[in-house]
Amino acid sequence: MEKKVTSNETEPLTSKKDVSDCNEEDCKENGLLVRDPKSALRLVEDGNKAHLSQGNKGEAAQISNGYSGVQSSAPCSGMGEVEGAQCTAPAATTTTTTTTSTTCGAEGQQQLMELEDRETWSKKIDFLLSVIGYAVDLGNVWRFPYICYQNGGGAFLIPYTIMAIFGGIPLFYMELALGQYHRNGCISIWRKICPIFKGIGFAICIIDLYVASYYNTIMAWAFYYLVSSFTAELPWTSCTNAWNTGNCTDLGRANASWAPHSASPAEEFYTRQVLQVHRSNGLDNLGGISWQLTLCLFLIFTIVYFSIWKGVKTSGKVVWVTATFPYIILFILLVRGATLPGAWKGVIYYLKPDWQKLLATEVWVDAAAQIFFSLGPGFGVLLAYASYNKFHNNCYKDALVTSTMNCMTSFVSGFVMFTVLGYMAEMRNEDVSEVAKDTGPSLLFITYAEAIANMPASTFFAIIFFLMLLTLGLDSTFAGLEGVITGVLDEFPHVWSKCRELFVLGLTIVCFLGSLATLTFGGAYVVKLFEEYATGPAVLTVVFLEAVAVAWFYGITQFCNDLKEMLGFAPGWFWRVCWAAISPIFLLFVTCSFLSNPPELRLFDYRYPYWTTVVGYCIGTSSIICIPIYMVYRLIITPGTLKERILKSITPETATEIPFGDIRMNAV
């Protein structure tokens, strides 16, 4: 039975009609938008008032920063006979309705359904621990200490801090704010920012898959060490094992001396038992697959699947262990390392400033690269995690807290590593620089493992150390895959929204199969190649374009207005200048430095041939090529002249919906 519509029902929200015509109880009951005599718009709903800023209200039907009220209880049916017809949202319990302008059709209905069904973090601390766990990973333990002492020790902290303040933290804050405001993953969010840059989202997903294909293999190595540690005597303690060679030198034995060709038991255990690189000739002949590492990787992916298959409500609980446990172990190892003989040598080597290093360009490049890859913008993770926040969550404070925690963890990890390196130097009667020549994973799996083997209670410290590495890596894997999952599910909700578990299962299987090349006897060479080329320049390019799209196309003013709508205050001039100029220049500087001076790859005694550099650049290009391809595709399918196509392609095509209880605020 059709209900008769009264004159009040068709009165627009911006009508000049006096508010006294609306009974106060009716207004509260229906959640109407009421305009008071001072022209300040007020949302009244169940006695809770959300005061919106005056903003620019020149155009009718706009609230504050270009938003109009929409009743959430009745999304558009998409069945209007006239294209662009307005929808009438009937009230659930009263005879008064509110007619507003919104987008009718399947897309508008889909957005409302997504917003209503989107899960959120159970607790604020779940989000913070997840972000901290993502940012604090294996690189904080091995990369920062090595980069620090290589680039001037304590003097390196000056460029590192400057790059963090003007480059890393602003980009970190920007991604958290974008994800929380627009509530979308890395692909579909570009419909609300600048549609022509949507290829950035696809590039991010490919980069995340590349990372998953090699990063988890490093965790498989740690898992192998963890299992091997459950013995009375650690297997990398002596030279009496089947995998040892004549070059193995155990300094714990009497009359043992260290020669230039000597290899420690820990080094041979890592290279000949875990990796088995002696059974491979290099990238042109990787050899067979190690079944032990394959089993370790399978168990890791099993843990990952059951941690993220249900969404952030399950992964948010897992990080209570995986994000906090490493800090407990770091503290234990720090105390233990400080009590070792010779520990002070390592600390002095770590922090002794070399001021001349500050004049070298590569030091500033390393500082910028370290802070960027440590905080981790550009992988879609921050967008995904923040999209599950409540709309008015203070992401500004979150960005400052989590980024500071990340930087402090890197700094403290340096003490954990170098107290042990000083102990090793004391034991070998060598300089710390000779002991600390190992880089990357070798610093963990050779140098630190050897130091643990020579400690009292070595089995206990080995177990907790490699368990710490495992938990550090799991957090980052959860985050990287969640970036892909959220991006794809938000872009194709009609396909995957009801079967997340199946999609996550398929994704983990794909990642596991993609990791098989890294599980071969020459898999360590593949890991090194992917680590240097698959992510480095590609992620830098992605974030540079992301910063340009937000600052110069979407607009700094619009972005800051969004933040004011969300947080209640607008960013200051410092953040505006960083987003508009300093951060893009920061990214361009690092990218150009990398491309102009590509790293010369070497692992153990193997020098990478020239053709591997070409392969590396092809791998990196395979992800960012999505960006220009989508731009061309977008211009082709958009009707109109070239100028009209460009204008349409850089104009947000989808409204951003802001939840206010039962009312949605739609960007128009």
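Cut-offs used in this document
- Residues numbered from 1 in each chain as written.
- Predicted model: local features only at pLDDT ≥ 70, side-chain atom pairs only at ≥ 80, totals over all residues.
- Heavy atoms only, no water.
- Helix = DSSP H or I, 4+ residues; strand = E, 2+ residues; numbered from the N terminus.
- Buried < 20%, exposed > 50% of the residue type's maximum accessible area, 1.4 Å probe, protein only.
- Contact = heavy atoms within 4.5 Å.
- Areas by Shrake-Rupley, 256 points an atom, 1.4 Å probe, with all protein chains shown as cover.
- Lys, Arg positive; Asp, Glu negative; His and termini not counted.
- Salt bridge = Lys/Arg side-chain N within 4 Å of Asp/Glu carboxyl O.
- Polar contact = N/O pair within 3.5 Å; in protein donor to acceptor, adjacent residues only side chain to side chain.
- Core = buried A, V, L, I, M, F, W, Y, C linked by side-chain atoms within 4.5 Å.
- Disulfide = S-S within 2.5 Å.
- Axes fitted to C-alpha atoms, helices over the stretch in contact; angles between N-to-C directions.
- Parallel < 35°, antiparallel > 145°, perpendicular 65-115°, else oblique.
- Left-handed = near helix turned anticlockwise from the far one by under 90°.
- Nonpolar A, V, L, I, M, F, W, Y, C, P; charged D, E, K, R; others polar.
- Phe/Tyr/Trp six-rings, centres within 6.5 Å; stacked < 30°, edge-to-face > 60°.
- Expected span 1.5 Å × (residues − 1).
- pLDDT = per-residue confidence, 0-100.

1. Looking at the overall build of the protein chain
Here's step 1: A count of helices and strands for the protein chain gives 25 helices and 10 strands.
Here's step 2: For the protein chain, the residues scored as buried account for 56% of the 668 residues in total.
Here's step 3: A separation of at least 24 residues holds for 79% of the contacts in the protein chain among residues at least 6 apart in sequence.
Here's step 4: In the form shown here, the protein chain has an accessible surface area of approximately 28,300 Å², with 61% of it arising from carbon and sulfur atoms.

2. Focus on the side chain of Asp137
Here's step 1: Looking at the secondary structure, you find Asp137 in the loop between helix 3 (124-135) and helix 4 (138-150).
Here's step 2: Buried charge without a salt bridge: Asp137, with Arg143 as the nearest opposite-charge side chain at an N-O distance of 8.8 Å.
Here's step 3: Here the side chain of Asp137 touches Gly139 through a polar contact of 3.2 Å, landing on its backbone nitrogen.
Here's step 4: Contact partners of Asp137, with chain neighbours within four places excluded, come to Tyr215, Leu472 and Ser476.

3. Description of the nonpolar core
Here's step 1: Formed by 180 residues in total, the largest nonpolar core has its most connected members in Trp221, Trp236, Phe445 and Phe466.
Here's step 2: Beyond its immediate chain neighbours, meaning those up to four positions away, Trp236 contacts Tyr225, Ser229, Pro265, Ala266, Phe269, Ala449, Glu450, Ala453, Ala462 and Phe466.

4. Focus: unusual backbone geometry
Here's step 1: If you check the backbone angles, Arg183 has positive phi at about 55° while not being a glycine.
Here's step 2: Inspection of the secondary structure assignment puts Arg183 in the loop between helix 5 (157-182) and helix 6 (199-228).
Here's step 3: Classification of Arg183 as buried rests on a relative accessible area of 7%.

5. Side note on the state of the cysteines
By definition, a disulfide links the sulfur atoms of two cysteines through a covalent bond.
Here's step 1: In total, this model carries 1 disulfide according to the counting rule given.
Here's step 2: No disulfide involves Cys186; its nearest neighbouring cysteine sulfur is the one of Cys205, lying 3.8 Å away.

6. Thoughts on the pattern of salt bridges
Two side chains of opposite charge can pair, provided their charged atoms sit close to one another.
Here's step 1: Following the criterion strictly, the structure yields 10 salt bridges and no others.
Here's step 2: For the salt bridge of Asp126 with Lys317, the shortest nitrogen-to-oxygen distance reads 2.8 Å. Note that Asp126 is positioned in helix 3 and Lys317 in helix 9 (residues 312-322), a separation of 191 residues in sequence.
Here's step 3: Taken together, the salt bridges that share partners define one network made up of Arg191, Lys198 and Glu491.

7. Some remarks on the packing of helix 17 (residues 458-491) against helix 19 (residues 500-514)
Here's step 1: Put simply, helix 17 and helix 19 touch, their axes get as near as 11 Å, and they point 130° apart. Put simply, helix 17 runs oblique to helix 19. Here helix 17 runs over helix 19; the crossing is right-handed. Contact with helix 17, carried on its side by Leu481, Glu482, Val484, Ile485, Val488 and Leu489, involves Arg500, Phe503, Val504, Leu507, Thr508 and Cys511 of helix 19 and no other residues of that element.
Here's step 2: Here the contact of helix 17 with helix 19 is composed, by residue class, of 9 nonpolar, 1 polar and 2 charged.

8. A closer look at the environment of Leu472
Here's step 1: Within the secondary structure layout, Leu472 lies in helix 17.
Here's step 2: With a relative accessible area of 4%, Leu472 lands in the buried category.
Here's step 3: For Leu472 and Met219, which are 253 residues apart along the polypeptide, the C-alpha to C-alpha distance reads 9.0 Å.
Here's step 4: Beyond its immediate sequence surroundings of up to four residues, Leu472 is in contact with Gly133, Val136, Asp137, Leu138, Val141, Tyr215 and Pro326.

9. Focus on the packing of aromatic side chains
What characterises a pair of aromatic rings is the spacing of the ring centres plus the angle enclosed by the ring planes.
Here's step 1: For the structure on display, the rule yields 53 aromatic pairs.
Here's step 2: Measuring from ring centre to ring centre gives 6.3 Å for Tyr224 and Phe269, while their planes differ by 50°; the resulting arrangement is tilted. Taken as a pair, Tyr224 in helix 6 and Phe269 in helix 7 (residues 265-274) lie far apart in primary sequence, 45 residues in all.
Here's step 3: Taking 5.8 Å as the distance between ring centres and 80° as the angle between the ring planes, the aromatic pair formed by Tyr396 and Phe569 counts as edge-to-face.

10. Details of the packing of helix 4 against helix 14 (residues 395-428)
Here's step 1: Direction vectors running N to C along helix 4 and helix 14 enclose 75°, while the axes themselves pass 8 Å from each other. By the angle class used here, helix 4 and helix 14 are roughly perpendicular. Each of Asn140, Val141, Phe144, Pro145 and Tyr149 in helix 4 lies in contact with helix 14, whose residues at this interface are Asn406, Ser410, Phe411, Ser413, Gly414, Met417 and Phe418.
Here's step 2: Of the residues contributing to the contact of helix 4 with helix 14, the split by class is 7 nonpolar, 5 polar and no charged.

11. Some points on helix 3
Here's step 1: Relative to the 16 Å expected for 12 residues at 1.5 Å per residue, helix 3 spans 17 Å between its end C-alpha atoms, a close match to the ideal helical length.
Here's step 2: Buried residues dominate helix 3, accounting for 10 of its 12 residues.
Here's step 3: Taken residue by residue, helix 3 has Asp126, Phe127, Leu128, Leu129, Ser130, Val131, Ile132, Gly133, Tyr134 and Ala135 as its buried positions.

12. A look at the side chain of Thr217
Here's step 1: Here Thr217 lies in helix 6.
Here's step 2: Given a relative accessible area of 0%, Thr217 falls into the buried group.
Here's step 3: The residues contacting Thr217, other than those within four sequence positions of it, are Leu297, Ser515, Thr518, Leu519 and Val527.

13. Some details on helix 20 (residues 523-534)
Here's step 1: Between its first and last C-alpha, helix 20 extends 15 Å over 12 residues, near the 16 Å set by a 1.5 Å rise per residue.
Here's step 2: When you tally the buried positions in helix 20, you get 10 out of 12 residues, the bulk of the element.
Here's step 3: Restricting attention to buried positions, one finds in helix 20 the residues Gly523, Ala524, Tyr525, Val526, Val527, Lys528, Leu529, Phe530, Tyr533 and Ala534.
Here's step 4: In this fold, the buried residues of helix 20 make contact with helix 6, helix 21 (536-567), strand 7 (602-603), strand 8 (606-607) and helix 23 (610-624).

14. Digging into the environment of Asp562
Here's step 1: If you trace the backbone, Asp562 turns up in helix 21.
Here's step 2: Put simply, Asp562 and His182 are 380 residues apart on the chain and 9.4 Å apart in space, counted from C-alpha to C-alpha.

15. Overview of the confidence of the model for the protein chain
Here's step 1: Per-residue confidence for the protein chain gives a mean pLDDT of 80; residues scoring 70 or more make up 79%.
Here's step 2: Here residues 1-114 is a poorly scored stretch, pLDDT under 50, and it has 173 contacts once near neighbours within four places are set aside; other chains count.
Here's step 3: Taken together, the stretch residues 661-668 has pLDDT below 50 and engages in 46 contacts with residues farther than four places along the chain or on a different chain.

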